[in-house]
Amino acid sequence: MVDLKQMERVGIQLVRPDGHLTETGRDVWERMPEDRKRAFYQWMVQVRLFDRRSVTLQRQGRIGTYAPMEGQEAAQVGSALALGKEDWIFPSYREHGVAMVAGMPLDRILLYWMGRVEGNRAPEGVRVLPPYVPIATQIPQAMGAAWAAKMKREPSVAVAYFGDGATSEGDFHEACNFAGVFRLPVVFFCQNNHYAISVPFSRQSAVPTVAERASAYAIRGIQVDGNDVLAVYTAMEEAVRRGKNGEGATLIEAVTYRRGAHTTADDATRYREDSEVREWTEEKDPIARYERLLMEEGLLTPDRARKWEQRCRETVEAAVKEAEAAPAPPPSHLFAHVYKDLPPELVRQRRQLTGGDETHA
Amino acid sequence: MPVISYIDAVTQALREEMERDEKVFVLGEDVGVRGGVFRATGGLIEDFGPERVLDTPLTESAIAGVSIGASVYGMRPVAEMQFADFIMPAVNQIVSEAAKMRYRSNNSWHCPMVIRAPYGGGVHGALYHSQSVEKIFAGVPGLKIVTPSTPHDVKGLLKSAVRDEDPVLFFEHKRCYRLIKGEVPEEDYTVPIGKAEVKREGTDVTVISYGLTLHFALKAAEELEKEGISVHVLDLRTLVPLDREAVLEAVARTGKALIIHEDNLTGGFGGEVASVIAEHAFFELDAPVRRLCGPDVPAMPYSPPLEKEFILNPEKVTAAIRDLAEF
């Protein structure tokens, strides 16, 4: 029998779009440390300014095709701030906000979008895998990290980040089923941004929410307002706690909106109405509502907001400088890290390419 | 030295590696309580428990994906695909992910994992329990592909595969499981991945093969010796990375090369071996390079006469060698 209580179909909201706390939101707010409240804001602004700058850099030909994430800052920052250093992150290609919060330096993220694999090098102690591009392949891999945590008796959860399109892939099903059967310390974090390139969610699923699919796997399913950073954080914190307590997996559906195109190579006006984009931009913006809340609560002033934005811009510019200053890889880097030790045939191919120059970064 | 079967060599290697390193664990369909449908993992669950001998749902893509994730976290998973035929749902994980993890992460992460799969036919397995799949992966850099033919090599190569720092596909010919027996040392030893081995010395014709057909070549060589034809037999043992030196050396011994495998002719690994010979040993050749392979039909039939027609045997191999010897 399906336990309907495992499924919470109502999207959780703690901060209303007008910036006012709900009743439960007020309780959560009162218990939240002040530095955490500030961190939500600071990271969201940092992530947004990074994102906007990246789109510009792409237009200027200074980075390659880029996947913008503006509009999804609350989902990414709120979820990532609920994780510890011991937790594993298996991201898709639109999760640079998550990666940043988890400790990936901004210049490396830019390097990645410049086409440099060096950008995927995780600093020591940062458990962030490189962005997964084939759609949903990262989800079963997160199950593997969770299974390893279980075998090692380490209190660590693995988080698979993916979009609504990924829920139509077989790997999503296989992973949910695996997590259910073995009660794995896993969080499935789905950012339902309503579109997989041009295809709307209604073409991905006849079931109206991602969250309710959880009941088919006997895992917990929660739908949250993905533009409400407080709600996302609270849902994620609970999911992480449950995972570490041996209570199994949680599927979180964060309902959000991709304000820009799928990538800089896409034109979203071909498949979305202006009015829809305007509604999400003007009425449901994740940063605007949280900014209002902070100001009302006396934790932010327009002056301090401006100063913080300025600081974020400087941080981004420093990262751009750093990334652009990175020397181009030598041609032999083409053969770096195919295997731990390069087999003789690949050594020959490398020599042929480089004319004997064996150096590689 | 004890004589054991090919499949017992698999089990021994797994058991010894699990005893040696607690990070090694086995996962797959029916590998636990059932001990594997072929019993390759027989007895392991009793000694290592259900966590380290994990019976999974029917979920090949997740079996591969879980192995990737666990290996990134420092474990040493040995996944079993129940039949090589059923590896297809996992191809995305293997080709797009396992093969590329080290490369695309700039060496931050890697996948020290093994995927074992019984392949090949001649056991009345029909269309979906008889396929050879090695050619599907042979052109995917980042993977290693091991195809042993003897119990000695099975044990030594499987141990090497478990200890390897990169993903290894370990293909076991299922007809060899109980048919092929051989001496296997009881002590710990490894056979290096990427090294072919001369299994018989000869002077007239060089046969290059792996898996079950290697044994057909050895049988044929015995027969042909009576006719005065001396056959040199090279067992590739590893397809990727290919031991090119050994191939070229073996060809140079006789000037005539016959490549034999059960996988079908077109796109089969023999084409790669033939190219290497053509590129680097052209002037050693006294005859065109020949291939004796499975026919280019979609699958091995269930019908016994048709299966017999599909599959190679010592007689077909003998005829092909004799023909080349007389060229």
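Residues numbered from 1 in each chain as written. Chains lettered and ligands numbered in written order. Predicted model: local features only at pLDDT ≥ 70, side-chain atom pairs only at ≥ 80, totals over all residues. Heavy atoms only, no water.

K.L.:
Would you take a moment to explain the overall build of chain B for this structure?
P.N.:
Assigned secondary structure in chain B consists of 13 helices and 14 strands. In terms of overall dimensions, chain B is globule-like: its C-alpha atoms have a radius of gyration of 19 Å, near the 20 Å expected for 327 residues. A principal-axis box enclosing the C-alpha atoms of chain B has dimensions of 60 × 45 × 40 Å. Here chain B holds 327 residues, and the buried ones make up 64% of them. Across chain B, contacts joining residues at least 24 apart in sequence account for 83% of those joining residues at least 6 apart. Just so you have it, chain B exposes about 11,800 Å², and 53% of that area is on carbon and sulfur atoms. Here chain B holds 34 positive side-chain charges and 49 negative ones, and the gap between their average locations is 1 Å. (Helix = DSSP H or I, 4+ residues; strand = E, 2+ residues; numbered from the N terminus. Rg over C-alpha atoms; globule rule 2.2 N^0.38 Å. Buried < 20%, exposed > 50% of the residue type's maximum accessible area, 1.4 Å probe, protein only. Contact = heavy atoms within 4.5 Å. Areas by Shrake-Rupley, 256 points an atom, 1.4 Å probe, with all protein chains shown as cover. Lys, Arg positive; Asp, Glu negative; His and termini not counted. Charge placed at Lys NZ, Arg CZ, Asp CG, Glu CD.)

K.L.:
When you look at the overall build of chain A in this model, what are you seeing that I'm missing?
P.N.:
When you go through chain A residue by residue, the secondary structure sums to 12 helices and 8 strands. In summary, chain A has a C-alpha radius of gyration of 21 Å against a globular reference of 21 Å for 361 residues, a match within 12%. Its C-alpha atoms put chain A at 70 × 55 × 40 Å along the principal axes. For chain A, the residues scored as buried account for 58% of the 361 residues in total. Taking the intrachain contacts of chain A between residues at least 6 apart in sequence as the baseline, contacts between residues at least 24 apart amount to 74%. As displayed, chain A offers around 15,200 Å² of accessible surface, 50% of which is attributable to carbon and sulfur atoms. Taken as two groups, the 47 positive and 51 negative side-chain charges of chain A have centres that lie 3 Å from each other.

K.L.:
Just to check I follow, could you spell out the UniProt feature "domain: Transketolase-like pyrimidine-binding" (unreviewed entry) in chain B for this structure?
P.N.:
Under the UniProt annotation, the feature "domain: Transketolase-like pyrimidine-binding" (unreviewed entry) is placed at residues 4-179 of chain B. Here residues 4-179 of chain B is 40% helix and 17% strand, with 11 Å between the C-alpha atoms at its ends. (UniProt positions renumbered as here; feature names shortened; annotations may be inferred.)

K.L.:
Would you take a moment to explain the environment of Phe38 of chain B for this structure?
P.N.:
All names here are of chain B. Note that Phe38 resides in the loop between strand S2 (24-28) and helix H2 (44-52). Through-space distance from the C-alpha of Phe38 to that of Lys174 is 8.5 Å; in sequence the pair is 136 residues apart. Excluding its chain neighbours within four sequence positions, the residues that come into contact with Phe38 are Ile7, Gln82, Phe83, Pro118, Lys174, Tyr177 and Arg178.

K.L.:
Sorry, what's going on with the packing of aromatic side chains here?
P.N.:
Working definition: an aromatic ring pair is given by the centre-to-centre distance plus the angle between the planes. Evaluation of the coordinates by the stated rule reveals 22 aromatic pairs over all chains. When the centroid spacing of 4.8 Å and the interplanar angle of 50° are considered together, the rings of Phe178 of chain A and Phe182 of chain A count as tilted. Of this pair, Phe178 of chain A and Phe182 of chain A both sit in helix H7 (residues 170-182), 4 residues apart, which is roughly one turn of that helix. No difference in accessibility class separates Phe178 of chain A from Phe182 of chain A, as the two residues are buried. The interplanar angle of 70° and the centroid separation of 5.6 Å between the aromatic rings of Phe83 of chain B and Phe86 of chain B together place this pair among those described as edge-to-face. Among the aromatic residues, ring-to-ring pairing joins Tyr6, Phe38, Phe83, Phe86 and Tyr177 of chain B into one connected group. The ring of Trp280 of chain A has Lys284 of chain A lying over it, and the distance from NZ or CZ to the ring centre is 4.1 Å. (Phe/Tyr/Trp six-rings, centres within 6.5 Å; stacked < 30°, edge-to-face > 60°. Lys NZ or Arg CZ within 6 Å of the ring centre and 35° of its normal.)

K.L.:
Just to check I follow, could you spell out the sheet that holds strand S5 (residues 114-119) of chain B for this structure?
P.N.:
To summarise the sheet geometry, strands pair through backbone hydrogen bonds and adopt either a parallel or an antiparallel arrangement. Residue and element names in this part refer to chain B. If you walk across this open sheet you meet the 7 strands as S3-S2-S4-S5-S7-S6-S12, and the pairing is mixed. Strands with a single pairing partner mark the edges of an open sheet, and in this sheet they are strand S3 (53-55) and strand S12 (238-240). Shown here is a sheet whose adjacent strand axes are inclined to one another by a mean of 20°, direction ignored. Pairing of S2 with strand S4 (residues 76-80), which is carried by 5 bridges, proceeds in the parallel orientation. In the strand pairing of S4, Leu27 is matched with Ala79. (Pairing = 2+ DSSP bridges. Axes fitted to C-alpha atoms, helices over the stretch in contact; angles between N-to-C directions.)

K.L.:
Looking at this model, I keep getting lost on the UniProt feature "domain: Dehydrogenase E1 component" (unreviewed entry) in chain A. Mind explaining?
P.N.:
The positions UniProt marks with the feature "domain: Dehydrogenase E1 component" (unreviewed entry) are residues 42-331 of chain A. As annotated, residues 42-331 of chain A comprises 45% helix and 11% strand, and the C-alpha atoms at either end are separated by 40 Å.

K.L.:
How should I be thinking about the pattern of salt bridges in this particular structure?
P.N.:
Charged atoms that come close allow side chains of opposite charge to pair. Residue and element names in this part refer to chain B. For the structure shown, the criterion picks out 55 salt bridges over all chains. A salt bridge links Arg116 to Glu172, with the shortest nitrogen-to-oxygen separation between them at 2.6 Å. Highlighted residues: Arg116 in strand S5 and Glu172 in strand S7 (residues 168-173), separated in sequence by 56 residues. Like Glu172, Arg116 is buried. Note that Arg253 and Glu201 form a salt bridge whose closest N and O atoms lie 2.7 Å from each other. Taken together, the positions of Arg253 in helix H10 (residues 244-254) and Glu201 in the loop between strand S9 (197-200) and strand S10 (205-209) put the pair 52 residues apart, joining distant regions of the chain. With relative accessibility at 42%, the residue Arg253 sits in the partly exposed group. In the salt-bridge network here, residues are joined through shared partners; they are Glu16, Glu17, Arg20, Lys155, Lys159, Arg163 and Asp188. (Salt bridge = Lys/Arg side-chain N within 4 Å of Asp/Glu carboxyl O.)

K.L.:
Is there a simple way to explain H2 of chain B in this structure?
P.N.:
Along an α-helix, residues three or four apart share an orientation, since each turn contains 3.6 residues. All buried positions along H2 of chain B are accounted for by Leu44, Ile45, Phe48, Gly49 and Arg52 of chain B. Close packing links the buried residues of H2 of chain B with helix H6 (138-152) of chain A together with helix H1 (6-20), S2 and S3 of chain B.

K.L.:
Would you take a moment to explain the environment of Ala287 of chain B for this structure?
P.N.:
Residue and element names in this part refer to chain B. Here Ala287 is to be found in the loop between helix H11 (269-280) and strand S14 (290-294). With a relative accessible area of 8%, Ala287 lands in the buried category. Considering only alpha carbons, one finds Ala287 and Pro118, 169 residues apart in sequence, at a separation of 35 Å. Sequence-distant contacts of Ala287, defined by excluding residues within four places in its chain, comprise Gly255, Lys256, Leu324 and Phe327.

K.L.:
Looking at this model, I keep getting lost on the domain arrangement of chain B. Mind explaining?
P.N.:
Interface size is commonly expressed as the accessible area that is lost once the parts come together. Residue and element names in this part refer to chain B. What the domain assignment lists for chain B is domain 1 (3-183) and domain 2 (197-326). Taken over C-alpha atoms, the centre of domain 1 sits 26 Å from the centre of domain 2. Tallying the contact residues gives 29 residues for domain 1 and 26 residues for domain 2. In this assembly, domain 1 packs against domain 2 so that about 2,200 Å² is buried in total across both faces, 58% of it on carbon and sulfur atoms. When the area that domain 1 buries against domain 2 is broken down by residue, the three leading residues are His124, Lys135 and Thr147, summing to 23%. Taking the shortest distance from any N to any O, the salt bridge between Asp153 and Arg237 comes out at 3.1 Å. Inspection of the domain 1/domain 2 interface yields 14 residue pairs in polar contact (both at pLDDT 80 or more). (Domains from an automatic or database assignment. Buried area = accessible area lost by both parts, 1.4 Å probe. Polar contact = N/O pair within 3.5 Å; in protein donor to acceptor, adjacent residues only side chain to side chain.)

K.L.:
Mind showing me how you'd approach the layout of surface pockets here?
P.N.:
Gaps left between atoms are located by rolling a probe of water-molecule size over the structure's atoms. Taken as a whole, the largest pocket encloses approximately 510 Å³ of empty space. Taken together, the elements giving at least two residues each to the lining of the largest pocket come down to helix H12 (344-354) of chain A together with H10 of chain B. Within the lining of the largest pocket, the residues separate by chemical class into 7 nonpolar, 2 polar and 13 charged. Taken as a whole, the second largest pocket holds about 410 Å³ of empty space. Elements with a minimum of two residues in the lining of the second largest pocket: H12 of chain A together with helix H6 (134-138), S12 and H11 of chain B. Counting residues per element, the lining of the second largest pocket draws most heavily on H12 of chain A, at 3 residues. (1 Å grid on protein atoms, 1.4 Å probe; cavity = no way out; pocket = protein on both sides within 12 Å on 5 of 7 lines; lining within 4 Å. Points joined across faces, edges and corners; volume = space filled by probe spheres on them. Nonpolar A, V, L, I, M, F, W, Y, C, P; charged D, E, K, R; others polar.)

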